[in-house]
Structure formats: structure tokens, C-alpha cells
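Summary of the model geometry
Residues per chain are reported as follows:
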Amino acid sequence: MLAKRFFIIAGTAGAALLLAAALLYAGISFGRSRLGARKTWSPDPVGATYVATQLRQMDKAHAALFLAYDLENRTDLDYHLDDSSILMSKLKSDGSLSQEEPIRLSYPVFLPGRRRVRIAIELAQPFVWPAPGDPRLQDKLRDFVKQSLANTDGFVLFNQAGRLEVELPGAWPELTAANGANR
């Protein structure tokens, strides 16, 4: 009788351990599948609209082109965009992405759910700023903008923390046809 009772208790304990192990394994597998699904980039939750461009002299040998965009967060999630976000140029020639030119967010941004926020990206490049009285000042500024964006069809922002991908559209025909570099 004692042996029978021992086998019942041992069998029950063994079954409980197997059940616990199976549940633990299922939980880990479920967590991995959720993490695996989270690794894909989500391109649709945030839309971007081009707003304006401004060219600024950084020093005697450098200029920066600032492009402003309005971002519309269509989700209930909040996103933090900062230096950990990656910005890449989208090339006109074949639509591929490039990091040849240094592009960065001008400042950290908090993008709350269901809200619109203005951001600015910055492209800094060498540029000898023309003298204020230079008769070709406007042409030189316009040429700088045109050259800076010559093979660019827009930008893509990747936020690693939120696995967010945001397409920043190009507005270059407007810029290159404008009468001045500032818009």
C-alpha cells in the first residue's frame, strides 16, 4: 500500500513537473515569437509632410541645410526620436538607401500618440559662404542646395527603440526652382 501511494505521489509530481516544463517552454517560445515579430520595421504608423527648408551658415567654411517636416502619429504609442535614430538618404537613381552624407535630427523629439509634431533634419556640408554684396549670392546659395540634394529623393528615419520607419518625402523640385535658398 505504501509503495502504491509512493508511485501515485511520484507520478503526480512527475506529471506536474512535465506540465510546468511544457508551460515554461511554451511561454519562452511565445515570447520569442513576439520579439521576432517586433524586429520588423513598421513603416505605416507615422506619416510625414514636408514643411520648409532653411540654409544657415555654420562658420566661414560650412553651411547646414535644415529640412522641416510635420510628423503625424496615427497610433496610440509614444515615440522618442533622438540621436539613436538613424537617418538615411533615399537615392533618386535606384531608390536604395545611403549614409554617405551625414544627416541628423536637429534636436530630440517626443512624438506622442495621435498627435502631430514638427521635426527638423540637418545636412551639414563644407561651403565657403559668399560675401553679402556678391552679385551671384542667390545663385550660389541655390546651387549649394541643388548640389546637396542632387541624387536625393527623400529621407528615411529609423527609430530602433520603437522599430519605427518614417519616410520623409523630398520636395526638391520646389527648392531648386525657387528664387532663393530659404523657403
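On a predicted model such as this, the values are computed, not experimentally measured, just so you know.

**Observations concerning the overall build of the protein chain**
Looking only at helices and strands, the protein chain features three helices and ten strands. Helices and strands in the protein chain line up, N terminus first, as α-β-β-β-β-β-β-β-β-α-β-β-α. When the 183 residues of the protein chain are sorted by exposure, 37% land in the buried category. A sequence separation of at least 24 residues applies to 66% of the contacts in the protein chain between residues at least 6 apart. Entry remark: accessible area of the protein chain is about 11,400 Å², with carbon and sulfur atoms responsible for 58%.

**Some words on the environment of Pro112**
Its place among the elements puts Pro112 in the loop between strand E7 (109–111) and strand E8 (116–126). Linking Pro112 and Leu77, residues 35 residues apart in sequence, is a C-alpha distance of 6.8 Å. In this structure Pro112 touches Asn73, Leu77, Asp78 and Val117, once residues within four positions along its chain are discounted.

**A few points about the sheet that holds strand E1 (residues 46–59)**
Spatially, four strands are ordered E1-E2-E8-E6 in an open sheet, and the strand pairing comes out antiparallel. Looking at which strands have only one partner, the edges of the open sheet turn out to be E1 and strand E6 (103–105). Sheet twist, expressed as the mean angle between neighbouring strand axes with direction ignored, is 25°. The pairing of E1 with strand E2 (residues 62–73) spans twelve bridges and is classified as antiparallel.

**Section: helix H2 (residues 137–148)**
Relative to the 16 Å expected for twelve residues at 1.5 Å per residue, H2 spans 17 Å between its end C-alpha atoms, a close match to the ideal helical length. By the burial criterion, the buried members of H2 are Leu137, Leu141, Arg142, Phe144, Val145 and Ser148. When H2 is viewed along its axis, its buried side chains cluster within an angular range of 155° and face the same direction.

**Thoughts on the nonpolar core**
One finds Tyr69, Leu71, Ile119, Ile121, Phe155, Val166 and Leu168 to be the most contacted residues of the largest nonpolar core, which totals 32 residues. For this core, the leading source of residues is E2, giving five residues. Sequence-distant contacts of Leu168, defined by excluding residues within four places in its chain, comprise Ala48, Tyr69, Leu71, Leu87, Ile119, Ile121, Gly154, Phe155 and Leu157.

**Here's the deal with the sheet that holds strand E4 (residues 86–91)**
Within the open sheet, the four strands sit side by side as E5-E4-E9-E10. Their pairing is antiparallel. A single partner strand is all that each edge strand has here, and the edge strands are strand E5 (97–98) and strand E10 (164–169).

**Side note on the confidence of the model for the protein chain**
Overall, the prediction assigns the protein chain a mean pLDDT of 83, with 72% of residues at 70 or greater. Counted against residues more than four places away or in other chains, residues 33–37, with its pLDDT under 50, gives zero contacts. Predicted confidence for residues 179–183 stays below pLDDT 50, and this span has 18 contacts to residues more than four positions away or in other chains.

What counts as what
Residues numbered from 1 in each chain as written. Predicted model: local features only at pLDDT ≥ 70, side-chain atom pairs only at ≥ 80, totals over all residues. Heavy atoms only, no water. Helix = DSSP H or I, 4+ residues; strand = E, 2+ residues; numbered from the N terminus. Buried < 20%, exposed > 50% of the residue type's maximum accessible area, 1.4 Å probe, protein only. Contact = heavy atoms within 4.5 Å. Areas by Shrake-Rupley, 256 points an atom, 1.4 Å probe, with all protein chains shown as cover. Pairing = 2+ DSSP bridges. Axes fitted to C-alpha atoms, helices over the stretch in contact; angles between N-to-C directions. Expected span 1.5 Å × (residues − 1). Arc of directions from axis to C-beta. Core = buried A, V, L, I, M, F, W, Y, C linked by side-chain atoms within 4.5 Å. pLDDT = per-residue confidence, 0-100.

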